[in-house]
Amino acid sequence: MLSWLAWLDRKVGALLKPVVFAGMAGLTAVITLQIVSRVLFTSVSWTEEVARFLLIWITFLGAALAYQQGRHIAVTVLRDSLPPVLGRIVSGVATLVAIAFLVTLAKIGWQYMNMQSFQKSPSLRLSMTYVYAVMPLSALLMAGLSVIDLIRLLAGKPLRETHVEIDNDLEQELQGDPS
């Protein structure tokens with residue numbers, strides 16, 4: 001079961017990486033179009049709205065990707081100063097609190113999404129449901145990843161580690177290591 005959960009964890013990251021990258025590329029393109037159109041001719045009306053919506057989606061999905069990669073900020077001084085068994089208990093309690101928060105965020109996001117479903121965006125006439133859907137989606141993704149962490153912790157496995165491949169590559173590059 002742990003290997004299946006690890007596979008699922010990796011697949012979530014593999015799915016989120018290109019989506020967040022595409023969102024960033026789209027945001028860059030839309031903002032570039034907005035700037036160029038304002039300088040050279042009349043501004044394109046929908047670019048500001050699309051940029052805002054892409055930024056919302058990138059923020060929430062990027063937060064889920066950062067969580068999957070273990071890159072969220074964590075204050076671990078208490079956990080690290082405790083004996084291993086107590087540190088695991090503190091980590092478990094913290095994970096349970098995170099799950100409770102994320103499930104609550106998903107519930108509130110779902111309610112907010114439904115409450116705003118009648119509203120249309122000014123330029124594109126897009127249902128705001130699509131814009132606000134990212135809040136419960138990303139909260140549920142992070143809650144699911146937290147459940148995987150809790151199961152891993154209960155099975156006696158190590159906590160989610162920071163993915164350091166980018167950091168290792170940068171360190172090798174700075175040291176002049178060609179590998």
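Details of the structure are given in the entry above.
Residues numbered from 1 in each chain as written. Predicted model: local features only at pLDDT ≥ 70, side-chain atom pairs only at ≥ 80, totals over all residues. Heavy atoms only, no water.

Caption draft 1: View of the packing of aromatic side chains. Throughout the structure, instances matching the rule amount to 1 aromatic pair. Seen from their ring centres, Tyr112 and Tyr132 are 4.9 Å apart, and the 75 degrees between their planes marks the pair as edge-to-face. In this pair, Tyr112 sits in helix 4 (residues 84–115) while Tyr132 sits in helix 5 (residues 128–132), placing the two residues 20 residues apart along the sequence. Residue classification places Tyr112 among the partly exposed positions, given a relative accessible area of 32%. Given a relative accessible area of 19%, Tyr132 falls into the buried group. (Phe/Tyr/Trp six-rings, centres within 6.5 Å; stacked < 30°, edge-to-face > 60°. Helix = DSSP H or I, 4+ residues; strand = E, 2+ residues; numbered from the N terminus. Buried < 20%, exposed > 50% of the residue type's maximum accessible area, 1.4 Å probe, protein only.)

Caption draft 2: Spatial organisation of the nonpolar core. Counting 19 residues, the largest nonpolar core has Leu16, Val20, Leu61, Met142 and Leu145 as its most contacted members. Of all the secondary structure elements, the ones that give two or more residues to this core are helix 1 (2–40), helix 2 (47–68) and helix 6 (134–154). Among the elements that take part in this core, helix 2 stands out by supplying 7 residues, more than any other. With residues near it in sequence (within four places) discarded, Leu61 still touches Leu16, Val19, Val20, Val134 and Leu137. With 5 residues, the next largest nonpolar core counts Phe53, Met113, Met128 and Val131 among its residues. (Core = buried A, V, L, I, M, F, W, Y, C linked by side-chain atoms within 4.5 Å. Contact = heavy atoms within 4.5 Å.)

Caption draft 3: Layout of the environment of Ala133. Tracing the backbone through its elements, the reader meets Ala133 in the loop between helix 5 and helix 6. As a C-alpha pair, Ala133 and Asn114 span 19 residues in sequence and 9.0 Å in three-dimensional space. Excluding its chain neighbours within four sequence positions, the residues that come into contact with Ala133 are Trp57 and Met113.

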